[in-house]
Amino acid sequence: MKLFKRIPIWVPPLSALGILYLYSILAGVPVFPCKTIVMLSLLAAFVAMAVITPVPLLEKFKGGFPVIPLFLTFIIALGLLGYFILGGSRETRAGGLMPPFGYRFPISGLAADTLVSLTGFANIMYQSPVYDVMIWAGLFIEIGVVSGIMYLVSAHQPPDS
């Protein structure tokens, strides 16, 4: 836990931005050996940055280093990433609006879709490049919130459980 206390809170989100920038560069590169593995590894690194983001915010963590909550949260975050990847396809919507955010991330996506429909900004929000920024930010926030909840729940467990 002391390792995470030394990491400033801004480092994981900034690292996630760098990872997404590298991901976008490599996505436009023609096929190279192991491209799929490299791209999936970058997505896993993005998820890992989102998972560790709320850790420095928790000052007291009973039971030492949060290995089990980190592992469980990473597994849940990979599930959210799978939901995110399967949620929408740009190829099936060529020229039209992108899918609602609820198709990409289940919890905060529904809230974002409701907010967009109430404000009437659907034509702006569901068009690229705003849409691309919003879905990656939404995924990062969703994973960060889930990991924060997991850490808080495990912090209130008795040390022997």
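Here the structure is a predicted model, which is why all the values come from computation and not from measurement.

*Asks:* What is the right way to look at the side chain of serine 147 in this model?
*Replies:* Its location among the elements puts serine 147 in helix α7 (residues 130-155). Excluding residues within four positions of it along the chain, serine 147 makes contact with Ala50, Val51, Pro54 and Thr73.

*Asks:* Before we go on, may I ask you to explain helix α4 (residues 67-86) in this structure?
*Replies:* For an α-helix, 3.6 residues make a turn, and residues three or four places apart therefore share a direction. When the terminal C-alpha atoms of α4 are compared, their 29 Å separation across 20 residues agrees well with the 28 Å that a helix rising 1.5 Å per residue should span. Every buried residue belonging to α4 is among Pro69, Leu70, Thr73, Ala77, Leu80, Leu81 and Phe84, and all of these are buried. Taken end-on, α4 shows its buried residues confined to a sector of 110°, consistent with a single buried face. Away from the buried face of α4 by more than 90 degrees, exposed residues Ile68, Phe71 and Leu86 are located.

*Asks:* Would you explain helix α3 (residues 35-52) in this entry?
*Replies:* With 18 residues, α3 should reach 26 Å at 1.5 Å per residue; the first-to-last C-alpha distance of 26 Å fits that figure. Every buried residue of α3 is listed here: Lys35, Met39, Leu42, Leu43, Phe46, Val47, Met49, Ala50, Val51 and Ile52.

What counts as what
Counting of residues starts from 1 at the beginning of each chain's written sequence and follows it residue by residue. Totals for whole chains, interfaces and linings use all residues, but because this is a predicted model, local features are given only for residues with pLDDT of at least 70 and pairs of side-chain atoms are given and counted only at 80 or more. The basis for the side-chain values is all heavy atoms of the structure; hydrogens and waters are excluded. Note on conventions: DSSP H or I runs of at least 4 residues are helices, E runs of at least 2 residues are strands, and numbering of each starts at the N terminus. Working rule for contacts: check all heavy atoms of both residues, and any pair within 4.5 Å makes them a contact. For a helix, the expected span equals 1.5 Å multiplied by the residue count minus one. For each residue, the accessible area found with a 1.4 Å probe, counting protein chains only, is set against the maximum for its type, and the residue is called buried under 20%, exposed over 50%, and partly exposed in between. What the arc measures is the spread of directions leading from the helix axis to the C-beta atoms.

Remember, this is a structural readout, not a statement about activity or role.
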